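# Results of the structural survey
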Amino acid sequence: MKRILTCIIAAMSTVALFAQITDDSTKLVYNANTTRIILESDLKNNIESERHPDTTLYELEKFTPLDQADFKYQDLGNVGTAMFPIFYPVADEIGRTSGLSAYDYYMVSPESFKYYNSKSPFMDLMVVFGGKGRSVVDYSFSRNVNENWNFGFDIYRITSDKQIGKSGQQDRNVVGTVIDLYTYYQHPEKPYEAMVHVANMGFNIEETGGIYVDDISNASSVDLFEYQDSDIQLSEARSFEDRFHFHLYHQYNWTKQLQFYHQLDIKNQESGYQDFRDGGGTYNTYTDYYDQFLLGVDSTYRQIKWSEVSNEAGVKGDLANLFYRLYLKRRDLNMDAIYEDPTDKFSEMFLGGYTRFNWRDKFNVEAQAELMQSGEYKLIGNLNSDLIFGSYKSLRLKPSVFSDRYFGNHQDWDNSFASAFTNEITGGIQLDLKWLTIRPKGRLLSRDKFIYYDENRTVRQSDEVAIMASIGGDFNLKLITNKEYNESIHLENEAYFTKVSGNGAQYMPVPEWFYNGRLFWRGFWFNNTMGVEVGVNLHAKSQYFAPAYAPEIQQFYLQDEFRIENFYTADIFWSMQVNNVRAFVRWTNFNQTGFTGYFITPYYPGQSRTLDFGVRWLFYD
């Protein structure tokens with residue numbers, strides 16, 4: 001971390017020496033329209049797009065990862081904690097992975113990484129002072145060294161106090177930081193472009209294990225929702241997650257029809273956990289929390305290191321309305337553990353391709369295929385148009401290394417799991433009537449030979465098929481209240497009904513009903529000088545036996561003792577904008593009263609009622 005900060009300071013000094021502003025007058029000549037955002041997928045797939053920094057107030061108040069994921073994940077009731085997807089999205093990687101994915105959401109990915117052509121110095125600063133000791137800082141800096149070379153960095157930091165079992169001021173639950181450095185370069189004469197970024201993530205977590213209650217089945221709401229005064233199951237448990245990622249993408253455009261590219265990824269992941277029994281605290285549950293002890297009854301320690309080097313090289317080009325891309329990929333992988341080496345170093349080889357057909361900006365069809373040397377595959381097809389959309393995905397993928405072999409103080413397994421099968425069909429229609437937008441859609445997901453963790457926190461492979469069917473969509477209404485000042489009332493709704501069938505359905509718990517809603521008014525105050533949004537955000541889920549979390553193995557596992565009951569949350573917010581400054585105030589979970597609340601993961605209450613404040617400021621010079 002210190003080395004990266006040193007690099008940032010040195011790089012900023014270098015850029016300051018060489019960068020030039022083309023207009024030194026007091027006139028503001030730079031803005032969001034002169035600051036272009038570039039995604040690697042645009043460059044890699046020859047997509048022409050115009051992206052700029054978001055300057056709107058829309059969803060400014062959504063600052064937590066759970067908010068930004070539209071509650072389609074469950075976490076541990078606090079900002080920066082482990083996360084698990086509720087509706088089982090299709091995996092992207094068909095080869096081996098580490099299997100330690102609870103903090104994947106926080107690590108920046110090459111697909112979502114933002115590069116810039118900023119012309120002028122550009123800064124994006126967001127600071128959130130959340131209630132109950134929660135805070136988020138997100139700072140981005142970018143500027144052009146010259147018209148062909150851009151440099152920048154991002155710093156994202158989360159700090160959050162314990163929301164349950166807090167022992168005093170600044171009794172931290174999570175301290176997490178993600179830092180990245182990046183550069184984007186275009187050769188001034190030759191058709192060569194390159195993108196490079198280096199990202200480092202470090203999270204330190206004080207694990208609580210959730211609330212402790214003597215008899216959970218007969219506990220009253222007073223027992224369950226004491227929040228900071230609650231007894232917790234773990235008092236000395238600590239975990240950490242460190243990641244490093246070096247990413248390079250570069251290409252040479254020989255002709256429009258034939259271009260060459262290469263992509264390099266170097267990844268390191270280190271995950272650890274410790275819990276030393278000391279008998280302290282209001283209640284010591286060390287021997288009760290863990291099911292068994294294989295190494296010792298006084299201490300638990302886990303440390304796993306994962307390393308990956310991936311090289312992808314290919315050709316691509318445009319043939320009239322058809323784009324193609326063909327590639328070869330090699331991954332070199334290794335995992336080490338403190339007590340037992342789960343695997344020797346090994347390699348994987350892939351052959352893949354992607355194609356896209358566009359017709360008059362009316363619709364496009366995409367197809368992607370990837371084949372591994374051992375028979376695993378990925379087939380994806382997408383259709384997008386003004387009226388209909390849909391996709392089909394079929395994958396045969398390797399199990400993770402962690403699920404195949406692990407030995408620790410509380411779990412031990414040695415498996416030879418077969419590759420899993422996944423098929424997904426999604427589709428829908430979209431109707432835009434200016435004042436009414438309707439987007440009904442459906443999803444059909446089938447899974448076979450999939451991996452899960454059972455009630456004993458032991459990894460298993462299902463021998464039965466599970467089929468999940470969802471139907472719902474988006475239904476949004478807009479009512480104009482003043483055309484001159486562009487004032488309007490918006491009602492946005494996202495709802496899904498989901499059923500899981502098949503003999504493997506018991507291994508895929510999901511809520512039947514899921515709802516997100518947003519009612520707000522947008523307009524201007526003070527003679528059209530201040531933009532304003534004021535409204536309420538709603539979220540609701542039906543009852544289900546949500547997976548519980550085992551921090552000692554960093555996995556969510558099945559359970560049938562703690563049912564997450566029906567609940568809804570409502571957040572009132574007010575956002576304002578003056579020039580390049582935006583700010584919000586949010587009353588989170590304002591509908592909570594007395595000793596009531598809700599659980600988002602078994603034994604982990606969701607965020608209690610609190611007041612959050614944040615500001616975001618864009619600088620263009």
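Every value quoted in this text rests on a predicted model; they were computed, and no experiment measured them.

In this section: the overall build of the protein. For the protein, the helix and strand inventory stands at 6 helices and 35 strands. In terms of overall dimensions, the protein is globule-like: its C-alpha atoms have a radius of gyration of 25 Å, near the 25 Å expected for 621 residues. Residue burial in the protein is summarised as follows: out of 621 residues, 50% are buried. Nonlocal contacts in the protein, meaning residues at least 24 apart in sequence, comprise 65% of its contacts between residues at least 6 apart. Total accessible area on the protein stands at roughly 28,900 Å², and carbon and sulfur atoms take up 55% of it.

With that settled, the discussion passes to the environment of Gln186. Positionally, Gln186 belongs in strand 8 (residues 172-186). You can call Gln186 partly exposed: its relative accessible area is 26%. Separated by 39 residues in the primary sequence, Gln186 and Glu147 have C-alpha atoms spaced 8.7 Å apart. A polar atom in the side chain of Gln186 sits 3.4 Å from the side chain of Tyr184. Engagement of the side chain of Gln186 in a polar contact is seen with the side chain of Glu193, the distance being 3.4 Å.

Further remarks concern the nonpolar core. Ranked by size, the top nonpolar core spans 64 residues in total, and within it Tyr103, Val136, Phe203 and Tyr549 carry the most contacts. Secondary structure elements with two or more residues in this core: strand 5 (122-130), strand 7 (149-161), strand 8, strand 9 (192-207), strand 17 (388-397), strand 25 (466-482) and strand 33 (599-601). Tallying contributions element by element places strand 9 first for this core, with 4 residues. If we ignore the near neighbours within four places in the chain, the residues touching Tyr549 are Leu76, Ala82, Ala102, Tyr103, Glu207, Tyr289, Gln554, Gln555, Phe556, Tyr557, Thr601 and Tyr604. If you look at the next biggest cluster of nonpolar residues, it comprises 18 residues, including Ile38, Leu39, Tyr116 and Tyr249.

In this section: the confidence of the model for the protein. Overall, the predicted model of the protein reaches an average pLDDT of 92, with 95% of residues at or above 70. Taken together, the stretch residues 1-25 has pLDDT below 50 and engages in 29 contacts with residues farther than four places along the chain or on a different chain.

A word on unusual backbone geometry. The residue Lys132 is not glycine, and still its phi comes out positive at about 65°. Within the secondary structure, Lys132 is located in the loop between strand 5 and strand 6 (134-146). Of note, Asn589 is a non-glycine position whose phi angle comes to about 55°, a positive value. Counting through the fold element by element, Asn589 comes out in the loop between strand 32 (581-588) and strand 33.

This paragraph deals with the pattern of salt bridges. Under the criterion given, the structure shown has 35 salt bridges. For Arg331, the salt bridge identified is with Glu93, shortest N-O distance 3.6 Å. Of this pair, Arg331 sits in strand 13 (residues 322-337) while Glu93 sits in the loop between strand 3 (84-85) and strand 4 (114-117), and the two are 238 residues apart along the sequence. Classification of Arg331 by relative accessible area gives buried; the value is 2%. Given the relative accessible area of 21%, Glu93 is considered partly exposed.

With that settled, the discussion passes to the packing of aromatic side chains. Within the structure shown, the criterion is met by 42 aromatic pairs. Aromatic pair Phe63 and Phe584: ring centres 6.1 Å apart, planes at 25°, arrangement stacked. Of the two residues, Phe63 sits in the loop between helix 2 (40-44) and helix 3 (65-68) while Phe584 sits in strand 32, which places them 521 residues apart along the sequence. Looking at Phe584, the relative accessible area reads 1%, which means it is buried. Relative to Phe599, the ring of Phe562 lies with its centre 4.9 Å away and its plane at 70°, an arrangement referred to as edge-to-face. Here Phe599 lies in strand 33 and Phe562 lies in the loop between strand 30 (555-557) and strand 31 (567-578), a separation of 37 residues in the sequence. Look at Phe562 and you get buried, because its relative accessible area is 6%.

Rules behind the numbers
Residues numbered from 1 in each chain as written. Predicted model: local features only at pLDDT ≥ 70, side-chain atom pairs only at ≥ 80, totals over all residues. Heavy atoms only, no water. Helix = DSSP H or I, 4+ residues; strand = E, 2+ residues; numbered from the N terminus. Rg over C-alpha atoms; globule rule 2.2 N^0.38 Å. Buried < 20%, exposed > 50% of the residue type's maximum accessible area, 1.4 Å probe, protein only. Contact = heavy atoms within 4.5 Å. Areas by Shrake-Rupley, 256 points an atom, 1.4 Å probe, with all protein chains shown as cover. Polar contact = N/O pair within 3.5 Å; in protein donor to acceptor, adjacent residues only side chain to side chain. Core = buried A, V, L, I, M, F, W, Y, C linked by side-chain atoms within 4.5 Å. pLDDT = per-residue confidence, 0-100. Salt bridge = Lys/Arg side-chain N within 4 Å of Asp/Glu carboxyl O. Phe/Tyr/Trp six-rings, centres within 6.5 Å; stacked < 30°, edge-to-face > 60°.

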